[in-house]
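Chain and residue survey
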Amino acid sequence: MPDQPTPPPPTDLASLRVEIDRIDDALHDLLMRRSDLVAHMASARLKGGAPTFRPGREALILRRLLQRNRGAMARAAIVRLWREIIAASLAQQGRFTIAVPDAGGADCVASRMARAHFGLLTPLKAYPTPFRALASVAGGETAVAVLPAPDEAEQPEPAWWMRMEAPGLRVVAALPFLAPPDARPQAYAVATLVPEPTGRDRSLLRIEPGPEHTRPRIAAILEAAGLPPRWLIRRESPSPMALAEVPGYLPDDEPRLSALPFPRLQILGTYAEPEPEE
Ligand SMILES: C=C(O[C@@H]1C=C(C(=O)O)C=C[C@H]1O)C(=O)O
């Protein structure tokens, strides 16, 4: 459709509104067809045992649409619309509740990011701590936890990344999806699924450093391994631990990691790189 010449818009207000009504009907028809396909996917169990939530596929859909976006509608508006469409299709496929830490109610960054990404209608469930939110995902009570991005200055209790041990839990998305290129994510989504590569991904590495592994030393080691950190934090308490965001999709058996000299290293997750706002 975008390649066909667009007819010139009518010049009087009444005809313009008739044309907008016609377009709304066409959009609605397509939305109904889209949700019929999702219903078919869910009822025919076409996904088999595969997870309902596929954050990599969602990122690819949004990237494709942003790429072809022409005209006056802002990129942020396109993302907003499709986040709601995708949220509606996730809701159609079964119970889909998001766990958030209850640090300051609806205003807290995790709740705001969860709302923006998973839509206004997706149920959010508040837990007293990020760790309890993670436990609810590990136990299958909720589908995803949205947690604030780690910060070197945070207290040990909110430092969820230091205590993310339950098997199968992975960081699967960085939020928001639309962000300035050098911005750090404001929140991360954690779920029990193996993320799919999207062609442009990033990963979170948790490192238990030796005493000689100062922050600059860790950065230099990662850089030499072809994993230059976008940012890196190192905390001393309750025990020394560092966290780095590195470019690329890292599967669990990533060969570049086996030669690294740290006492312990773990991939906390891998997810689509956010898209620029402009
Ligand atoms: C429809 C699907 O399920 C979910 C909803 C999607 C959508 O509405 O496009 C995309 C990926 C999944 O998170 C799918 O797997 O394709």
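Heads up: these notes are all about the structure in this document.

What counts and what doesn't
Residues numbered from 1 in each chain as written. Predicted model: local features only at pLDDT ≥ 70, side-chain atom pairs only at ≥ 80, totals over all residues. Heavy atoms only, no water. Helix = DSSP H or I, 4+ residues; strand = E, 2+ residues; numbered from the N terminus. Buried < 20%, exposed > 50% of the residue type's maximum accessible area, 1.4 Å probe, protein only. Contact = heavy atoms within 4.5 Å. Areas by Shrake-Rupley, 256 points an atom, 1.4 Å probe, with all protein chains shown as cover. Lys, Arg positive; Asp, Glu negative; His and termini not counted. Charge placed at Lys NZ, Arg CZ, Asp CG, Glu CD. Polar contact = N/O pair within 3.5 Å; in protein donor to acceptor, adjacent residues only side chain to side chain. Salt bridge = Lys/Arg side-chain N within 4 Å of Asp/Glu carboxyl O. Expected span 1.5 Å × (residues − 1). Patch = residues over 30% accessible without salt bridge, like charges linked within 9 Å, V, L, I, M, F, W, Y side chains within 5 Å.

Some thoughts on the overall build of the protein
When helices and strands are counted, the protein shows seven helices and nine strands. In terms of its C-alpha atoms, the protein occupies a principal-axis envelope of roughly 75 × 40 × 35 Å. Here the protein, with 278 residues, has 41% of them falling under the buried criterion. The long-range fraction of contacts in the protein, counting pairs at least 24 apart against all pairs at least 6 apart in sequence, stands at 71%. Total accessible area on the protein is roughly 15000 Å²; 58% of this is exposed by carbon and sulfur atoms. The positive charge centre, built from 33 side chains, and the negative charge centre, built from 33, are 3 Å apart in the protein.

A few points about the side chain of Thr122
Note on placement: Thr122 falls in the loop between α4 (109-118) and β2 (124-127). Residue class for Thr122 comes out buried when judged on its relative accessible area of 8%. A polar atom in the side chain of Thr122 sits 2.5 Å from the backbone oxygen of Phe118.

Side note on the pattern of salt bridges
Where side chains of opposite charge bring their charged atoms close, a pairing between them can arise. For the structure on display, the rule yields 15 salt bridges. Between Glu141 and Lys125 there is a salt bridge, with the nearest N and O atoms lying 2.7 Å from each other. Of this pair, Glu141 sits in the loop between α5 (130-138) and β3 (144-148) while Lys125 is found in strand β2, placing the two residues 16 residues apart along the sequence. Among the residues examined, Glu141 registers a relative accessible area of 39% and is labelled partly exposed. With relative accessibility at 37%, the residue Lys125 sits in the partly exposed group. For Arg234, the salt bridge identified is with Glu236, shortest N-O distance 2.7 Å. For Glu236, a relative accessible area of 48% corresponds to the partly exposed category.

Topic: the environment of Ala99
Considering the arrangement of structural elements, one finds Ala99 in strand β1 (residues 98-101). Spatially, the C-alpha atoms of Ala99 and Ala145 are 4.4 Å apart, while their sequence positions differ by 46 residues.

With respect to helix α2 (residues 55-68)
Relative to the 20 Å expected for 14 residues at 1.5 Å per residue, α2 spans 20 Å between its end C-alpha atoms, a close match to the ideal helical length. Buried within α2 we find Pro55, Gly56, Glu58, Ala59, Ile61, Leu62, Arg63, Leu65 and Leu66. If you follow the buried residues of α2, they end up packed against α1 (13-43), α3 (75-92), α4, β4 (170-175) and β9 (264-272).

Here we look at a negative patch on the surface
A cluster of like negative charges, contributed by Asp21, Asp24, Asp25 and Asp29, occupies part of the molecular surface. Among the secondary structure elements, Asp29 is positioned in helix α1. On the basis of relative accessible area, Asp29 is assigned to the partly exposed category, the value being 45%.

Section: unusual backbone geometry
Geometrically, the link from Leu175 to Pro176 is a cis peptide bond, its omega value of 0° lying close to zero. With respect to the helices and strands, the residue Pro176 is situated in the loop between β4 and β5 (187-191).

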